[in-house]
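Chain by chain, the residues:
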Amino acid sequence: MVRETRLDVADLVYPLFIRPGEGISREVGSMPGVSQHSVDRAAQLCGDVVREGIPAVLLFGLPDSKDSIGSSSWEKDGVVQRALRAIREQAPGLILIVDLCFCEYTDHGHCGVLSEQAGHRTVDNDATLQNLARQAVSLAHAGADIIAPSDMMDGRVGRIRSALDDAGFSHIPILSYAAKFASAFYGPFREAADSAPAFGDRRDYQMDPANGREALREVTLDVDEGADMLMVKPALPYLDVIREARRRFDQPMAAYQVSGEYAMLRAAAANGWIDYEQALMESLISIRRAGADLIITYGARDAARLLREGGHD
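These numbers were taken from a predicted model, which means no experiment stands behind them. (Residues numbered from 1 in each chain as written. Predicted model: local features only at pLDDT ≥ 70, side-chain atom pairs only at ≥ 80, totals over all residues. Heavy atoms only, no water.)

(A) Layout of the overall build of the protein chain. Of the regular secondary structure elements, the protein chain holds 10 helices and 12 strands. For 313 residues, the compact-globule estimate of 2.2 N^0.38 gives 20 Å, and the C-alpha radius of gyration of the protein chain, at 18 Å, lies within 12% of that figure. Residue pairs in contact within the protein chain that sit at least 24 positions apart in sequence constitute 73% of those at least 6 positions apart. When the accessible surface of the protein chain is summed, it comes to about 13,100 Å², and 47% of that surface belongs to carbon and sulfur atoms. (Helix = DSSP H or I, 4+ residues; strand = E, 2+ residues; numbered from the N terminus. Rg over C-alpha atoms; globule rule 2.2 N^0.38 Å. Contact = heavy atoms within 4.5 Å. Areas by Shrake-Rupley, 256 points an atom, 1.4 Å probe, with all protein chains shown as cover.)

(B) Fine view of the packing of aromatic side chains. The final tally for this structure, using the stated rule, is 10 aromatic pairs. Ring geometry for Phe17 versus Tyr298: centroids 6.1 Å apart, planes at 5 degrees, classification stacked. In this pair, Phe17 sits in strand β1 (residues 12-19) while Tyr298 sits in the loop between β12 (294-297) and α10 (300-309), placing the two residues 281 residues apart along the sequence. Judged by relative accessible area, which is 0%, Phe17 ranks as buried. Here the aromatic residues Phe17, Phe60, Tyr177, Phe189, Tyr256, Tyr262, Tyr276 and Tyr298 are joined through ring pairs into a cluster of three or more. The lysine or arginine in question, Lys233, covers the ring of Phe189, its NZ or CZ lying 5.4 Å from the ring centre. It is Arg266 that lies over the ring of Tyr276; its NZ or CZ is 4.1 Å from the centre. (Phe/Tyr/Trp six-rings, centres within 6.5 Å; stacked < 30°, edge-to-face > 60°. Buried < 20%, exposed > 50% of the residue type's maximum accessible area, 1.4 Å probe, protein only. Lys NZ or Arg CZ within 6 Å of the ring centre and 35° of its normal.)

(C) Inspection of the pattern of salt bridges at higher detail. Counted by the stated rule, this structure contains 17 salt bridges. A salt bridge links Asp222 to Arg156; its shortest N-O distance comes to 3.2 Å. Pair noted here: Asp222 is in helix α6 (residues 212-225) and Arg156 is in helix α4 (residues 156-166), with a separation of 66 residues, a long-range link. Accessibility classification places Asp222 together with Arg156 in one group, the buried group. Where Glu244 meets Arg247, a salt bridge forms, and the shortest distance between an N and an O atom there is 2.4 Å. Of the two residues, Glu244 and Arg247 both sit in helix α7 (residues 239-248), three residues apart, roughly one turn of that helix. One connected set of salt bridges, linked through shared partners, spans Arg266, Glu277, Asp302, Arg305 and Glu309. (Salt bridge = Lys/Arg side-chain N within 4 Å of Asp/Glu carboxyl O.)

(D) Expanded view of the packing of helix α1 (residues 39-51) against helix α2 (residues 79-90). Close contact between α1 and α2 brings their axes to 9 Å; oriented N to C, the two are set at 35 degrees. Classified by chirality, the crossing of α2 by α1 is right-handed. Between α1 and α2, the residues in contact are Val39, Ala42, Ala43, Gln44 and Cys46 and Val79, Arg82, Ala83, Ala86, Ile87 and Gln90, respectively. A per-class count over the contact of α1 with α2 returns eight nonpolar, two polar and one charged. (Axes fitted to C-alpha atoms, helices over the stretch in contact; angles between N-to-C directions. Left-handed = near helix turned anticlockwise from the far one by under 90°. Nonpolar A, V, L, I, M, F, W, Y, C, P; charged D, E, K, R; others polar.)

(E) Structural view of unusual backbone geometry. Here the residue pair Lys233 and Pro234 is connected by a cis peptide bond, since its omega of -5 degrees sits within 30 degrees of zero. With respect to the secondary-structure elements, Pro234 resides in the loop between β10 (229-233) and α7. Phi at Met152 is positive, roughly 70 degrees, even though this residue is not glycine. The residue Met152 is located in the loop between β8 (146-149) and α4 in this model.

(F) Spotlight on the pairing of β8. The alternating pattern of β8 places Ile146 and Ala148 and Ile147 and Pro149 on opposite faces, both of which are buried. Summarising the sheet, strand β5 (residues 95-100) and β8 pair through four bridges and their orientation is parallel. Bridge pairing in β8 places Leu100 opposite Pro149. (Pairing = 2+ DSSP bridges.)

(G) Seen up close, α10. Taken together, the buried positions of α10 are Ala300, Asp302, Ala303, Ala304, Leu306 and Leu307. Buried-residue contacts for α10 involve β1, α8 (259-270), α9 (276-290) and β12. Positive backbone phi, at 90 degrees, marks Gly310, one or two positions downstream of α10.

(H) Fine view of α2. Compared with the 16 Å implied by 1.5 Å per residue over 12 residues, the 16 Å span of α2 between its first and last C-alpha is a close match. Along α2, the residues classified as buried are Val79, Val80, Gln81, Ala83, Leu84 and Ile87. Residues of α2 that are buried make contact with β1, α1, β4 (56-61), β5 and α3 (125-142). (Expected span 1.5 Å × (residues − 1).)

(I) Highlighting the packing of α7 against α9. Interhelical geometry of α7 versus α9 gives an angle of 35 degrees and a closest axis separation of 8 Å. Facing α7, whose interface residues are Leu239, Ile242, Arg243 and Arg246, α9 presents Ser286, Ile287, Arg289 and Ala290.

Given below as structure tokens:
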């Protein structure tokens, strides 16, 4: 009766990795219980997700081909575009959120168009914005309910908003990865999405883990550009940022319990050091307590089952 914070299945978002082919579900070695799915298998799985009460999925694509600018990300028949149409038929009530970025689609694994400055190769912010807009419009045409840009380019929310509005998609909201830190916790994701950078790292455009105030300035910029929802990523190492962003802004707040957070729970449980189910639910409730309205987690289906069984709310 006096519990202050509650977790509900409606708070959860389940990430899905979509790969080419048919009839494929390939487990990710570093993330037990997580697989890459072909479009047909992903659509079937989403039917189960709906029956479990999870309201939304977040889609990531592994394309048929890659190039230097990630052009397959905006193809009409791209892997995520096909998945959106197939899932819509199989699970019409599911909210389809699509990650908007290029690291999975470029042959160099970085989040946009490359340029060289003083002998240093990095992502060209302004050149990347145009391509982000093209990808967003393509995904909206294919049936995305929410566009979630994760690239961390300056000015991307405003450019994407304008492109969507001009294409007749003013009703499509933007869930911005507003504070995405350059984190050591992304390693398993890069295996799952085949998105490890071919050189260097992403610290030129992702946030310094030491800079909480700067992260909040980044959130403010996205709000000013029209972000409808906000996200902090990762979750557990940045609960303070989630809390302060929740205090300052009225937009719905999401937090991403990322691949490394999930993999640590699984690995520790496999060694008998912790109870996976209890640790999962404790971590999720802590993210809610910090102020997140939505939690993106690879443990969403496990959490949904535990909530149905009772005793874990």
